[in-house]
Amino acid sequence: RAVAMSVSHSSRLNKLVREQYMRLPQDGKVQVTYVWIDGSGEGVRCKSRTLDKEPKSVEDVPEWNFDGSSTAQAEGSNSDMFLVPVCMFRDPFCLDPNKLVLCEVLKYNRKPAETNLRHTCKKVMDLVKDSHPWFGMEQEYTLLGINGHPYGWPDNGFPGPQGPYYCGVGADKVYGRDIVESHYKACLYAGVKICGTNAEVMPSQWEFQVGPCEGIEMGDHLWMARFILHRVCEDFGVVATLDPKPMTGNWNGAGCHTNYSTEEMRREGGLKHIEAAIEKLSKRHDYHICVYDPRGGRDNSRRLTGHHETSNIFEFSAGVANRGASIRIPRQVGQDGYGYFEDRRPAANCDPYAVTEAIMRTTVLNETGVETKDYADH
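Predicted model, so just to flag it, every value in this text is computed and none were measured. (Residues numbered from 1 in each chain as written. Predicted model: local features only at pLDDT ≥ 70, side-chain atom pairs only at ≥ 80, totals over all residues. Heavy atoms only, no water.)

Trainee: Please explain the UniProt feature "domain: GS beta-grasp" (unreviewed entry) in the protein as it appears in this structure.
Mentor: Taken from the UniProt record, the annotation "domain: GS beta-grasp" (unreviewed entry) applies to residues 30-110. The straight-line gap between the two end C-alpha atoms of residues 30-110 is 28 Å; of that span, 0% is helix and 48% is strand. (UniProt positions renumbered as here; feature names shortened; annotations may be inferred. Helix = DSSP H or I, 4+ residues; strand = E, 2+ residues; numbered from the N terminus.)

In structure tokens form, the structure reads like this:
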């Protein structure tokens, strides 16, 4: 009874009745769901419209608009915001030929909205495209009941201490696998470059990985994977939170570890390029911490304590196979002498556009200090 009460009312509507309608033909029309990042920099919003035929590419999807005063992105007196389609996916909820379309948000004057961090990321990725940057991001998240309590945890207490839950199997060790597997399948259907999943150290905490993606594709695919996660959780009646430290005390936080390489790092002898990039990152720690969560490092300060497999937020560190360091070089990469490295500092609720852009600015464009350069005039 306790578990049943922690799921939303809408999840208990009769899904067989819904199926009857979902099977109806669409008479050649296509439903397109526009997805965008709202004024919080963390939340996603969506709305749908009908097109007369199936779009073959994102260029076939028209711009649209929405009321920015209802998403903390505009004032009521001048509230129309533009939705500019940038990346198209198959729709795993309404099925083919319907589409999900990720959009950038522009203000009334066609300038990017404050939380449209894709705009500058795209500029930077275009500048560094010859270095062929590859990314893979490991998105941790926590499942909550509709009451805000971790899903499956005792109502008036805590589960046993961490240890048996990471990559666990069994009803007493993992909670919510149905959601995880549904999300995985939905991402594969959509065309999101999801590459794995596992149960995490804290019970009811999970992780999925997206990548390898080149350049701007990383942010596009991770944001769509997040939208699909929230949408799947809605069907099951639970909530996925990306809070970097959802439970205080002796519980692991949630990060978004970012794996990164350039073409020269992936070639024979690439380790020296990896070490050079880490050296540049070491001199710009404060800047990176500032952009690795939506609140300038305040969210990450709850997580990056130097405990629970994290580095200390105030210190930069790097090491081979060290999960307590800011930057980890995988052991295999150390042995091979080429490959990639992992930045373990980004928070679970980071904006992947901000993270990947920052890494490129520091390691390829050789920026220093806390200020960033504006490349618009070059």
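Trainee: Any chance you could explain the sheet that holds strand β5 (residues 99-106) here in plain terms?
Mentor: Hydrogen bonds between backbone groups are what pair the strands of a sheet, and the pairing can be parallel or antiparallel. If you walk across this open sheet you meet the five strands as β2-β1-β5-β4-β3, and the pairing is mixed. Both outer strands of the open sheet, β2 (44-51) and β3 (64-67), are each paired with one neighbouring strand and no more. In this sheet, adjacent strand axes meet at a mean angle of 40 degrees when their direction is disregarded. Sheet topology places strand β1 (residues 30-37) next to β5; four bridges connect them, and they run parallel. Bridging from a neighbouring strand, Tyr-34 pairs with Val-101 of β5. (Pairing = 2+ DSSP bridges. Axes fitted to C-alpha atoms, helices over the stretch in contact; angles between N-to-C directions.)

Trainee: Any chance you could explain the pairing of strand β7 (residues 194-199) here in plain terms?
Mentor: In the case of a regular strand, side chains alternate between the two sheet surfaces. Here five bridges tie β7 to strand β8 (residues 205-214), and the two strands are oriented antiparallel to one another. The residue bridging Thr-197 from the neighbouring strand is Phe-208, located in β8. Adjacent in sequence and paired antiparallel, β7 and β8 are bridged by five residues, among which Ser-204 carries a positive phi angle near 75 degrees.

Trainee: Could you clarify how one ought to interpret helix α4 (residues 177-190) in this entry?
Mentor: Every α-helical turn comprises 3.6 residues, leaving residues that sit three or four positions apart pointing alike. Its 14 residues place the ends of α4 20 Å apart at the C-alpha level, agreeing with the 20 Å of an ideal helix rising 1.5 Å per residue. Listed as buried for α4 are Ile-179, Val-180, His-183, Ala-186, Cys-187 and Ala-190. Down the axis of α4, the buried side of the element spans an arc of 130 degrees, and every buried residue falls inside it. Seen from the buried face of α4, the exposed residues on the opposite side, beyond 90 degrees, are Asp-178 and Lys-185. Where the residues of α4 are buried, they touch β4 (80-90), β6 (134-144), β7, β8 and α5 (217-236). Of the residues flanking the end of α4, it is Gly-191, one or two places downstream, whose phi is positive at about 100 degrees. (Expected span 1.5 Å × (residues − 1). Buried < 20%, exposed > 50% of the residue type's maximum accessible area, 1.4 Å probe, protein only. Arc of directions from axis to C-beta. Contact = heavy atoms within 4.5 Å.)

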